[in-house]
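So you can see what is in the structure, the chains are spelled out below.
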Amino acid sequence: MAHTSTRPPSFYIKRILGIILLLALAAVFFFSGISKLFALEAFEWTFIDLGIKSNTTAAIIARLFIGLELMIGAFLLFHIYLKSFTYPVTLILLVAFTGYLAILVVQQGNEGNCGCFGDWIYMNPLQAIWKNLAMIAATVVLMFIYPIRPYKNQEWIAVLIGMAALVVPLVISPLNLDNQPIVRNENIDLSPLYSAKPAPYIELRREKHIVAFMSLTCPHCRKAAYLLNVIHRQHPKIPIYMVLTGHPDQQEEFFKETKSYSVPHILFRNSQAFAGMAGESVPAIYWVNNGVIERESNYYQLDPATMEKWLEE
């Protein structure tokens, strides 16, 4: 009679638990990567906040990170080199994100959306840290209970999946390499600002300044203010000034979302004079040199390297 070996119940329990954890982990990585693609600019600004001066460089890095998230999700799903590659890379990425979030909490507090799931799920930095710790724990458990051995021709599948994952963000959201501020040569009369009480403590009519006209209720203005805050914090020598319009009661929500309170600003209540300076729409971001608008940009075109070059001209 042939001898039949029976596996203990613990073997099947580990396999079932392993599959559940693996699928859940893969789903989180897929969801995280896809959701960031629909809020890509905010994720790009994360790398500006880390000291990257070029918007193009930040855009490339952001897309590579999204591709890496999609690749990890696919590698988990298809059991690609789990023990030797996928699990360790997963841990490294999660630890790196957790460290960044911890620094963010210490430096800026626990306010605002961390952007882990784009704009689809709001999650503050502390919540994101707990989420990452749970994923780290799940990965460690998987390393012990679900160490699947590599299967035949796995290297070719890995190459194809890896290339596809890294290319997808570039296909869905191509890089815009020619997104430069508009060159203008128009006078702007900023004297109404100095009739306000309190008036700006900075003389904006002399030398070079980035002057941003924004409404407290405008969603695009809030994005611009968030990025201006990032640039102001990382590049304090760039002279940025925000001219805001709206009701004083709206300021708290505006600054809570944009974290831009430290950026020099004024709440200007004269709507007619504001429109005369800002023009037809906001945000209106002007690069002003001695009372002359030399450049006009939207927040996509706020490139620290370009701004510094303009200041040196």
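Data block above holds the structure.
Residues numbered from 1 in each chain as written. Predicted model: local features only at pLDDT ≥ 70, side-chain atom pairs only at ≥ 80, totals over all residues. Heavy atoms only, no water.

Draft legend 1. Seen up close, the overall build of the protein chain. Tallying secondary structure elements over the protein chain gives ten helices and six strands in all. Rg of the C-alpha trace for the protein chain: 25 Å, well past the compact-globule value of 20 Å for 313 residues, more than 25% over. Dimensions of the protein chain along its principal axes, counting C-alpha atoms only, are 100 × 40 × 30 Å. The long-range fraction of contacts in the protein chain, counting pairs at least 24 apart against all pairs at least 6 apart in sequence, stands at 71%. (Helix = DSSP H or I, 4+ residues; strand = E, 2+ residues; numbered from the N terminus. Rg over C-alpha atoms; globule rule 2.2 N^0.38 Å. Contact = heavy atoms within 4.5 Å.)

Draft legend 2. Looking closely at the nonpolar core. Among the nonpolar cores identified, the biggest contains 42 residues, and Ile210, Met214, Ile231, Met242 and Leu302 are the most heavily contacted of them. Met214 has contacts with Cys221, Ala224, Ala225, Leu228, Met242, Val243, Leu244, Thr245, Phe274, Val282 and Pro283, leaving out every residue within four places of it along the chain. One finds Ile188, Ile266, Ala278 and Tyr286 within the second-largest nonpolar core, a separate group that totals 18 residues. (Core = buried A, V, L, I, M, F, W, Y, C linked by side-chain atoms within 4.5 Å. Buried < 20%, exposed > 50% of the residue type's maximum accessible area, 1.4 Å probe, protein only.)

Draft legend 3. Representation of the pairing of strand β3 (residues 240-245) in the model. Burial within β3 is extensive, with six of its six residues counted as buried. Covered by surrounding structure in β3 are Ile240, Met242 and Leu244 together with Tyr241, Val243 and Thr245, the residues of both alternating faces. Two elements, strand β2 (residues 208-215) and β3, share six bridges in a ladder whose sense is parallel. Each residue of the ladder has a partner; that of Ala212, found in β3, is Met242. In this fold, β2 hands off to helix α7 (residues 219-234), which returns the chain to β3; that crossover is right-handed. Both β3 and strand β4 (residues 265-267) contribute to a ladder of three bridges, which runs parallel. Pairing of Val243 across the sheet is with Ile266, part of β4. Read as a crossover between parallel neighbours, the route from β3 over helix α8 (residues 251-258) to β4 is right-handed. (Pairing = 2+ DSSP bridges. Right-handed = clockwise from strand over helix to strand, strands pointing away.)

Draft legend 4. Structural context of unusual backbone geometry. Residue Lys197 is joined to Pro198 through a cis peptide bond whose omega torsion reads 0°. Position of Pro198 among the secondary structure elements: in the loop between β1 (182-187) and β2. For Tyr81, which is not glycine, the phi torsion reads 40° and is therefore positive. Counting through the fold element by element, Tyr81 comes out in the loop between α3 (55-77) and α4 (82-108).

Draft legend 5. A look at a nonpolar patch on the surface. Taken together, the side chains of Ile19, Leu23, Leu77, Phe78, Tyr151 and Ile157 define a hydrophobic patch exposed on the protein surface, amounting to about 500 Å² of accessible area. When you line up the elements, Phe78 lands in the loop between α3 and α4. On the basis of relative accessible area, Phe78 is assigned to the partly exposed category, the value being 45%. (Patch = residues over 30% accessible without salt bridge, like charges linked within 9 Å, V, L, I, M, F, W, Y side chains within 5 Å. Areas by Shrake-Rupley, 256 points an atom, 1.4 Å probe, with all protein chains shown as cover. Salt bridge = Lys/Arg side-chain N within 4 Å of Asp/Glu carboxyl O.)

Draft legend 6. Geometry of the sheet that holds β2. Strand order in the open sheet formed by six strands is β1-β6-β5-β2-β3-β4, and the pairing between neighbours is mixed. Strands at the two margins of the open sheet, each flanked by one partner only, are β1 and β4. Between one strand and the next, the sheet's axes are offset by a mean angle of 25°, whatever the strand orientation. Along the sheet, α8 contacts β2, β3 and β4; its crossing angle with β3, the most-contacted strand, is approximately 145°. (Axes fitted to C-alpha atoms, helices over the stretch in contact; angles between N-to-C directions.)

Draft legend 7. The pattern of salt bridges, seen in detail. Under the criterion given, the structure shown has eleven salt bridges. Residue Lys223 is joined to Glu41 by a salt bridge in which the shortest nitrogen-to-oxygen separation is 2.8 Å. In this pair, Lys223 sits in helix α7 while Glu41 sits in helix α2 (residues 40-49), placing the two residues 182 residues apart along the sequence. Arg295 is paired through a salt bridge with Glu313; the nearest N and O atoms lie 3.8 Å apart.

Draft legend 8. Geometry of the environment of Ile60. Looking at the element boundaries, Ile60 is found in helix α3. Separated by 114 residues in sequence, Ile60 and Pro174 place their C-alpha atoms 9.7 Å apart.

Draft legend 9. Spotlight on the packing of helix α1 (residues 9-37) against α3. It is the contact of α1 with α3, at a shortest axis distance of 8 Å, that shows an interaxial angle of 155°. Classified by the angle their axes make, α1 and α3 are roughly antiparallel. Seen along the crossing, α1 lies across α3 with a hand that is left-handed. Judged by residue contacts, Leu22, Leu23, Leu25, Ala26, Phe29, Phe30, Ser32, Gly33, Ile34, Lys36 and Leu37 of α1 engage Ile66, Glu69, Leu70, Ile72, Gly73, Ala74, Leu76 and Leu77 from α3. (Parallel < 35°, antiparallel > 145°, perpendicular 65-115°, else oblique. Left-handed = near helix turned anticlockwise from the far one by under 90°.)

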